[in-house]
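Listed below are the residues making up each chain.
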Amino acid sequence: MTDGTTRVFTWEEGARIEVRDLGSEIVIEANAAGLKTLAGHLLTLAQDGTPDGAHLHLEENNGLEEGSVGLVLERCDDE
């Protein structure tokens, strides 16, 4: 909940998401359920009324596969 607005981030059953840092690139590898989950998370952050700075942390053993680097999805309306 941010600024009195509740946002629900849902996970597709069987979602698998791995994030790797290859130095000059970041690779997000996911199965179909994982891609749908990420798309849903981004759409949730894009909803009207979601405040600037709202974010979601994904980490190893908290949504991401073992060995993944952390990923933060954050809304930023500043240009």
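Residues numbered from 1 in each chain as written. Predicted model: local features only at pLDDT ≥ 70, side-chain atom pairs only at ≥ 80, totals over all residues. Heavy atoms only, no water.

S.K.: Please set out the environment of Val19 residue by residue, giving values where relevant.
M.R.: One can find Val19 in strand β1 (residues 17-21). Relative accessible area serves as the criterion here: at 1%, Val19 is assigned to the buried category. In this structure, the C-alpha to C-alpha distance between Val19 and Ala30, residues 11 residues apart in sequence, is 8.7 Å. (Helix = DSSP H or I, 4+ residues; strand = E, 2+ residues; numbered from the N terminus. Buried < 20%, exposed > 50% of the residue type's maximum accessible area, 1.4 Å probe, protein only.)

S.K.: Account for the pairing of strand β2 (residues 26-30), with residues named and values stated.
M.R.: One ladder, built from five bridges, connects β1 with β2; its direction is antiparallel. Looking at the pairing, Arg20 lines up with Val27 of β2. (Pairing = 2+ DSSP bridges.)

S.K.: Let's hear about the nonpolar core: which residues, and what values?
M.R.: In terms of nonpolar packing, the biggest core is built from 11 residues, these being Ile17, Val19, Ala30, Leu38, Leu45, Ala54, Leu56, Leu58, Leu64, Leu71 and Leu73. Listed by contribution, the elements that provide at least two residues to this core are β1, α1 (32-46), β3 (55-60) and β5 (71-74). Not counting residues within four places of it along the chain, the set of residues in contact with Leu73 comprises Leu38, His41, Leu42, Leu45, Ala54, His55, Leu56 and Leu58. (Core = buried A, V, L, I, M, F, W, Y, C linked by side-chain atoms within 4.5 Å. Contact = heavy atoms within 4.5 Å.)

S.K.: I'd love a proper account of unusual backbone geometry, names of residues and values included.
M.R.: Positive phi outside glycine occurs at Asn61, with the angle close to 65°. By secondary structure assignment, the location of Asn61 is in the loop between β3 and β4 (63-64).

S.K.: Describe the environment of His55, and please don't skip the residues or the numbers.
M.R.: Assignment of secondary structure puts His55 in strand β3. Using a relative accessible area of 42% as the deciding quantity, one classes His55 as partly exposed. Along the backbone, His55 and Ile26 are 29 residues apart, and their C-alpha atoms lie at a distance of 19 Å. When sequence neighbours within four positions are dropped, the list of residues in contact with His55 reads Leu45, Val72, Leu73 and Glu74. There is a polar contact of 2.9 Å between the side chain of His55 and the backbone oxygen of Gly53. A distance of 3.4 Å separates a polar atom in the side chain of His55 from a polar atom in the side chain of His57. (Polar contact = N/O pair within 3.5 Å; in protein donor to acceptor, adjacent residues only side chain to side chain.)

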